[in-house]
Amino acid sequence: MKRYDYLIVGSGLFGATFAYLVHKEGKKCLVIDKRKHLGGNVYCENVEGINVHKYGAHIFHTSNKKVWDFVNSIVEFNRYTNSPVANYKGRLYNLPFNMNTFYQMWGVVTPEQAHEKIEAQRQEVLAMMREKGVTEPRNLEEQALTLVGKDIYEKLIKGYTEKQWGRKCTELPSFIIRRLPVRLVYDNNYFNDKYQGIPIGGYNKLVSGLLEGVETKTGVDFFENREYWEGLADRIVFTGKIDEFYDYRFGKLEYRTVRFENEVLDMPNYQGNAVINYTERDVPYTRVIEHKHFEMFGQEIYEKPKTVISREYSVEWKEGMEPYYPVNDERNGDLYMKYKSLADNESKVLFGGRLAEYKYYDMAPVIESAINLFQKMI
Ligand code: FAD
Ligand code: UDP
């Protein structure tokens, strides 16, 4: 006799959402996680009364009303709007690329002037590409140059991207940069989505709301006692690394990871913004996050005398580190497809989430995907 309908490996948003839904249907499930806490990468640690995003800054954003209503049914969200600022050699530029950025870069004031400036730089690049017989951008550098021209590419994209991915822009796929919107309006809202915010009280509230009433065990690694865990349930939802699940039989998938250098500062407001990107190559970190700005606004900022910042260093992943970002290149893409073909033939195990699908997944799509899997199962 099995004791559980579902064993869910991983308590990140995929596992927690799936657990919430099957638990509500009256199914018996157990969630296990190898970390000492629940919530996966959205977990926050309270330092000096401030929720510190332990695994990197997380901003919830979506245009999917179903997902937005779902998360708001668990916890209320605040009105945080992500407006990162880029620091290039001590000069500040608003992001995403919008009229404020173009004004700061070139002194242009109207959308028409900005358009002309960008268009002139784009045409230069397109002409050079035509000369070489290139019709479509072949890599991130060409994609960026044909989107925004040389000035923005060199000051705001090249250094940041090469630091973040540890690879030259000419060796990265173009689609990474398509995520950056370009706007001819004075609008510093980073995301185009209809809804965004941070759970009031922090992400741990979202996770504990999802897992309320669900049996959980932390500090246990599925692979340390695989047969035991597999024998406990009719079905397994696996949200860990897919290559590890198959004992790396085709080779190891690669990741990028981030090293965080956290500091508590004896001042209420260090940088005046949650996110500042350092876009020059010579500054070793990519961003500085000041966590209190995610949840405290106006006077509230000064009610806590201290502040917590994290400098983010992007590094190549090695065994024992947290695997954060899948590496989007051909080798890893092909390798993942081999593992996926094994996974597609499993009858008892379902794979989902960032590590099991080896996918650059934001929170809302992860939740949507867990909802979809649940709907397939009932
Ligand atoms: P995870 O959160 O990684 O959860 C997987 C869980 O499985 C982990 O808790 C892990 O410990 C556990 N596990 C793995 N292997 C085992 C095992 N063998 N045994 C037991 N447990 C195991 N998204 C946004 O929407 N906005 C953002 O601003 C944003 N910022 C991000 C910043 C960073 C630095 C990173 C890395 C991601 C960011 N994301 C952001 C993406 C977001 O973190 C993910 O979409 C989401 O957390 C994925 O949930 P998941 O459940 O798939 O994975
Ligand atoms: N990017 C950049 N300069 C910036 C911010 C982003 O060049 O100041 C590029 C970089 O290549 C990055 C991509 O845009 O990989 C996507 O960045 P985004 O912040 O949207 O994604 P995240 O790193 O948060 O997943």
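Position labels on residues start from 1 in each chain and follow its written sequence. Each chain gets a letter, beginning with A, and each ligand a number, beginning with 1, in the order they are written. In keeping with the predicted nature of the model, local features appear solely for residues at pLDDT of at least 70, side-chain atom pairs appear and are counted solely at 80 or more, and the whole-chain, interface and lining totals rest on all residues. Computation of side-chain values: all heavy atoms of the structure, hydrogens and water removed.

Looking now at the site of ligand 2. Think of it this way: one heavy atom of a residue within 4 Å of a molecule or strand is enough to make that residue near it. Around ligand 2, the surrounding shell holds 15 residues, and the nearest of these are Leu156, Thr161, Gln164, Asn277 and Tyr360. In the model, an oxygen atom of ligand 2 is placed 2.7 Å from a nitrogen or oxygen of the Thr161 side chain. Any pair of N or O atoms that falls within 3.5 Å is considered a polar contact. Within protein, one atom must be able to donate a hydrogen and the other to accept it, and sequence-neighbouring residues count only if both atoms are side-chain atoms. Contact between ligand 2 and Trp165: an oxygen atom at 3.0 Å from a side-chain N or O atom of the residue. Only the protein chains shown count as cover for residues, with accessible areas throughout obtained via the Shrake-Rupley method and a probe of 1.4 Å. Alone, ligand 2 offers 520 Å² of accessible surface; in the complex the protein occludes 91% of this. With six residues, the top contributor of residues to the shell around ligand 2 is helix 6 (residues 150–165). Residues belonging to the shell around ligand 2 are distributed by class as follows: ten nonpolar, four polar and one charged. Comment: elements are numbered from the N terminus, with helices defined as DSSP H or I runs of at least four residues and strands as E runs of at least two. Ten residue types, Ala, Val, Leu, Ile, Met, Phe, Trp, Tyr, Cys and Pro, are classed as nonpolar, four, Asp, Glu, Lys and Arg, as charged, and the remainder, Gly among them, as polar.

All right, on to the site of ligand 1 then. Near ligand 1, the surroundings consist of 30 residues, among which Asp33, His58, Arg354, Tyr361 and Met363 are the closest. Between Phe222 and ligand 1, the recorded distance is 3.0 Å, taken from a backbone N or O atom to a nitrogen atom. Interatomic distance of 2.6 Å between a backbone N/O atom of Tyr361 and an oxygen atom of ligand 1. When ligand 1 sits alone it has 1000 Å² of accessible area, and the protein chains cover 96% of it. At the level of elements, helix 1 (13–24), strand 2 (29–33) and helix 12 (363–377) are the ones that each hand at least two residues to the shell around ligand 1. Classifying every residue of the shell around ligand 1 gives 16 nonpolar, eight polar and six charged.

What follows is about the sheet that holds strand 12 (residues 275–278). Strands pair, by our definition, only if DSSP identifies at least two bridges between them. Pairing is mixed across the open sheet formed by seven strands, whose spatial order is 7-6-12-13-14-11-15. Strand pairing shows two members of the sheet lacking a second neighbour, strand 7 (91–94) and strand 15 (325–326), which therefore form its edges. Here three bridges tie strand 6 (residues 85–88) to strand 12, and the two strands are oriented parallel to one another. Across the sheet, the residue bridging to Ala86 is Asn277, located in strand 12. In this description, contact between two residues means that some pair of their heavy atoms is separated by no more than 4.5 Å. Between N-to-C directions, angles span 0 to 180 degrees; the directions come from axes that are lines fitted to C-alpha atoms, helices contributing only their stretch in contact. Lying on the sheet, helix 6 is in contact with strand 6, strand 7, strand 11 (255–265), strand 12, strand 13 (287–290), strand 14 (307–316) and strand 15; it crosses strand 6 at an angle near 95°.

In the contact formed by helix 1 and helix 12, the axes pass within 8 Å of each other and the chain directions differ by 35°. Judged by the twist between their axes, the crossing of helix 1 over helix 12 is right-handed. Facing Leu13, Phe14, Thr17, Phe18, Leu21 and Val22 of helix 1, the residues of helix 12 in contact are Met363, Val366, Ile367, Ser369, Ala370, Ile371, Leu373, Phe374 and Met377. If you view the pair so one helix is near and one far, a crossing is left-handed when the near helix is turned anticlockwise from the far one by less than a right angle, and right-handed when it is turned clockwise.

As a further point, take the pattern of salt bridges. Here, a salt bridge means any side-chain nitrogen of Lys or Arg that lies within 4 Å of a carboxyl oxygen of Asp or Glu. Tallying each qualifying case throughout the model produces 18 salt bridges. Glu322 is paired through a salt bridge with Arg35; the nearest N and O atoms lie 2.7 Å apart. Pair noted here: Glu322 is in the loop between strand 14 and strand 15 and Arg35 is in the loop between strand 2 and strand 3 (44–47), with a separation of 287 residues, a long-range link. A cluster of three or more residues bridged by salt bridges with shared partners is formed by Arg259, Glu261, Glu263 and Arg311.

Burial of nonpolar side chains together is a common tendency in soluble globular proteins. If you look at the biggest cluster of nonpolar residues, it comprises 50 residues, and the most contacted ones within it are Leu13, Phe60 and Phe294. Looking at this core, the elements that each hand over two or more residues are strand 1 (4–9), helix 1, strand 2, helix 2 (65–74), helix 7 (203–210) and helix 12. Sequence-distant contacts of Leu13, that is, excluding residues within four places in its chain, are made with Gly39, Val42, Leu206, Val207, Leu210, Met363, Val366 and Ile367. Listed in part, the 28 residues of the second largest apolar core include Tyr88, Ala114, Trp165 and Ile176. As used here, the term nonpolar core means buried Ala, Val, Leu, Ile, Met, Phe, Trp, Tyr and Cys residues forming a set that is joined through side-chain atoms within 4.5 Å. For every residue, the accessible area (1.4 Å probe, protein chains only) is compared with the maximum for its type, and the residue is labelled buried under 20%, exposed over 50%, or partly exposed between those bounds.

Close contact between helix 3 (residues 99–106) and helix 4 (residues 111–131) brings their axes to 10 Å; oriented N to C, the two are set at 70°. Put simply, helix 3 runs roughly perpendicular to helix 4. Along this stretch, helix 3 crosses helix 4, giving a crossing that reads as left-handed. From helix 3, Met99, Phe102 and Trp106 reach across to helix 4, where they touch Pro111, Ala114, Lys117, Ile118 and Gln121. Between 65 and 115 degrees an angle is taken as roughly perpendicular, under 35 as roughly parallel, over 145 as roughly antiparallel, and anywhere else as oblique.

Put simply, two rings from Phe, Tyr or Trp (the six-membered ring, in Trp's case) pair if the centres are within 6.5 Å, and we call them stacked under 30 degrees between planes, edge-to-face over 60, tilted for the rest. Evaluation of the coordinates by the stated rule reveals 30 aromatic pairs. Summarising the aromatic geometry, the rings of Phe60 and Phe77 are spaced 5.3 Å apart at their centres and angled 65° between planes, so their arrangement reads as edge-to-face. Taken as a pair, Phe60 in strand 5 (residues 60–62) and Phe77 in the loop between helix 2 and strand 6 lie far apart in primary sequence, 17 residues in all. Consider the rings of Phe222 and Phe238, whose centres lie 5.8 Å apart with planes at 55°: the pair is tilted. Taken together, the residues span a long stretch of sequence, with Phe222 in the loop between strand 9 (215–218) and helix 8 (226–230) and Phe238 in strand 10 (residues 233–238) at a distance of 16 residues. One aromatic cluster in this structure is built from Phe222, Phe223, Phe238, Phe245, Tyr246, Phe250, Tyr339 and Phe351. Positioned over the ring face of Tyr55 is Lys54, at 5.8 Å from the centre of the ring. Over a ring means this: the NZ of a Lys or the CZ of an Arg is within 6 Å of the ring centre and within 35 degrees of the ring normal. In this arrangement the basic side chain of Arg311 is found over the ring face of Tyr285, its NZ or CZ atom lying 5.8 Å from the centre.

Now for the layout of surface pockets. In this analysis the probe radius is 1.4 Å and the grid spacing 1 Å, with only protein atoms considered; a cavity is a set of points the probe fits into but cannot get out of, a pocket is an open set with protein on both sides within 12 Å along at least five of seven lines, and lining residues have an atom within 4 Å of a point. Grid points are joined across faces, edges and corners, and a volume is the space filled by probe spheres set on the points. The volume enclosed by the second largest pocket comes to roughly 430 Å³. Lining the second largest pocket are 19 residues, and of these Asp344, Leu350, Phe351, Leu373 and Lys376 lie nearest its centre. Secondary structure elements with two or more residues in the lining of the second largest pocket: helix 11 (330–344), strand 16 (349–351) and helix 12. By residue number, the principal contributor to the lining of the second largest pocket is helix 12, which donates five residues. In the lining of the second largest pocket, the residues fall into ten nonpolar, four polar and five charged.

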